Amino acid sequence: MNFQWYPGHMTKAKRQMQEDIKLIDLVIELVDARLPQSSRNPDIDELGKNKFRLILMNKSDLADPKMTEAWTKFFENKGYAVVCLDARNKSSMSNINRVIMEACKEKIERDRKRGIKNRPIRAMVVGIPNVGKSTFINSFAGKAVAKTGNKPGVTKGKQWIRLNKNVELLDTPGILWPKFEDQTVGLRLALVGSINDQILNIDELSIELIQYLKTAYPGVLKERYEVDEAESNSDILLKIAENRKCLKNGGELDYAKAAALLLDEFRAGTLGKISLEQA
């Protein structure tokens, strides 16, 4: 498969971000904890240079804890503040305000010396589609202030959101980069749902997932679906269809239904805590 997806509104959104960045103190970048590097847009580093930076490793409840710990150290060593969280869980929001204030303490001190008090930190929230930005904003604000959805492209325009006396957030649409230089990056993004499923071959995608799981997490498929992992990937998918009774009207095995089931269960964390890349 060749992974490309860059709707026209994303070009406009990137141009808008280049304008808005002048108003910003802090860039809060959400990444998917299962693929922290692949779910970063390389354009963000250029857009956010000379700004304070915070990386939120979202969906960390779905990721391999050992990999998440390694990625946290990786980003901290590069100078980023890092918080691991599940944006759907409000309790994981508790220390983010503290981290924001700590990350921006130099700016707060400069303001104080100039006699500027209680000016809120202005933060831009960025991230690729479907990484959980709107869910994070709503959990952080404690109310529904941003539209959410489990498909990419829900946020279409920018909006300023006053969270508390300390922080104002600028929400932005998710941005994918125009071309994946490494198709493995595209594959990983497709596996977690950051690329619209409707333009993908789900059967091929599930075969790729089976291959990865056999290599990186041996035993997971056997335990969940009672399959022999020594068999070919396509035979394993057929066995999943058989064991889960994925059938067409005439009783024939439904390969496509089994493929979709496997992807859905991986994305939901039903297969366990699985990361798609190593630090």
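Coordinates for the structure precede this section.
Cut-off values and rules
- Residues numbered from 1 in each chain as written.
- Predicted model: local features only at pLDDT ≥ 70, side-chain atom pairs only at ≥ 80, totals over all residues.
- Heavy atoms only, no water.
- Buried < 20%, exposed > 50% of the residue type's maximum accessible area, 1.4 Å probe, protein only.
- Helix = DSSP H or I, 4+ residues; strand = E, 2+ residues; numbered from the N terminus.
- Arc of directions from axis to C-beta.
- Contact = heavy atoms within 4.5 Å.
- Pairing = 2+ DSSP bridges.
- Axes fitted to C-alpha atoms, helices over the stretch in contact; angles between N-to-C directions.
- Salt bridge = Lys/Arg side-chain N within 4 Å of Asp/Glu carboxyl O.
- Core = buried A, V, L, I, M, F, W, Y, C linked by side-chain atoms within 4.5 Å.
- Phe/Tyr/Trp six-rings, centres within 6.5 Å; stacked < 30°, edge-to-face > 60°.

Chemist: Describe in detail helix H10 (residues 233-243), supporting the description with residues and values.
Modeler: What H10 keeps buried is the set Asn-233, Ile-236, Leu-237, Ile-240 and Ala-241. Relative to the axis of H10, the buried residues are bounded by an arc of 145° and lie together on one face. Taken together, the buried residues of H10 touch helix H8 (202-216), helix H9 (220-225) and helix H11 (255-267). Looking one or two residues past H10, Lys-245 carries a phi angle of roughly 55°, positive in sign.

Chemist: Give me the lowdown on the sheet that holds strand E6 (residues 167-171), citing residues and values where you can.
Modeler: The strand order E3-E2-E1-E4-E6-E5 describes an open sheet built from six strands, whose pairing is mixed. Two strands lie at the open edges of the sheet, namely strand E3 (81-84) and strand E5 (159-162), each paired on one side alone. With strand direction ignored, the average angle separating the axes of adjacent strands in the sheet is 25°. Where strand E4 (residues 121-126) meets E6, five bridges bridge the pair, whose relative direction is parallel. Bridge pairing in E6 places Met-124 opposite Leu-170.

Chemist: Tell me what's going on with the pattern of salt bridges, and back it up with residues and numbers.
Modeler: With the rule as written, the count across this model stands at 23 salt bridges. A salt bridge links Glu-19 to Lys-22; its shortest N-O distance comes to 3.4 Å. Exposure remark for Lys-22: the relative accessible area of 59% places this residue in the exposed category. Note that Asp-25 is salt-bridged to Arg-119, the shortest N-O span being 3.4 Å. Taken as a pair, Asp-25 in the loop between helix H1 (8-20) and strand E1 (26-32) and Arg-119 in the loop between helix H5 (105-113) and E4 lie far apart in primary sequence, 94 residues in all. On the basis of relative accessibility, which here comes to 12%, the residue Asp-25 falls in the buried class.

Chemist: Lay out unusual backbone geometry with the relevant residues and their values.
Modeler: Both trends apply: most residues other than glycine have a negative phi, and most peptide bonds are in trans. The phi dihedral of Glu-226 falls on the positive side, at around 55°, and the residue is not glycine. Locating Glu-226 in the fold gives a position in the loop between H9 and H10. On the accessibility criterion, Glu-226 (64% relative accessible area) is exposed. Located in the positive-phi region is Lys-245, a residue other than glycine, with phi close to 55°. Mapped onto the elements, Lys-245 comes out in the loop between H10 and H11. By relative accessible area, which is 61% here, Lys-245 ends up exposed.

Chemist: Can you break down the nonpolar core residue by residue, with the values?
Modeler: Leu-26, Ile-28, Phe-136 and Leu-169 are the most contacted members of the largest nonpolar core, which has 61 residues in total. Among the elements that line this core, the one with the most residues is helix H7 (residues 183-192), at six residues. Leave out the neighbours within four places in its chain, and Leu-26 touches Phe-52, Arg-53, Leu-54, Ile-100, Ala-103, Cys-104, Ile-121, Arg-122, Ala-123 and Met-124.

Chemist: Pulling in residues and values, what's your account of helix H4 (residues 96-103)?
Modeler: Regarding H4, the residues found buried are Ile-96, Asn-97, Val-99, Ile-100 and Ala-103. In a view along the axis of H4, the buried residues occupy a sector of 160°, so they form one face of it.

Chemist: Requested: an account of the packing of aromatic side chains, with residues and values cited.
Modeler: The final tally for this structure, using the stated rule, is six aromatic pairs. Pairing Phe-74 with Phe-75 gives two aromatic rings, centres 5.3 Å apart and planes at 70°, and the pair type is edge-to-face. A connected cluster of aromatic rings, assembled from ring pairs, spans Trp-71, Phe-74, Phe-75 and Tyr-80.

Chemist: Please provide a residue-by-residue account of the pairing of E3, values included.
Modeler: Strand direction decides the pairing type here: strand E2 (residues 52-58) and E3, joined by four bridges, are parallel. Bridge pairing in E3 places Leu-56 opposite Val-83.

Chemist: Lay out the pairing of E1 in plain terms, naming residues and giving numbers.
Modeler: Remember that side chains alternate between the two faces of the sheet whenever the strand is regular. Taking burial as the measure, the seven residues of E1 include seven buried ones, the bulk of the element. As paired elements, E1 and E2 share seven bridges and run parallel to each other. Bridging from a neighbouring strand, Ile-28 pairs with Leu-54 of E2. Looking at chain direction, E1 and E4 are connected through four bridges and run parallel. Within the sheet, the bridge partner assigned to Glu-29 lies in E4 and is Val-126.

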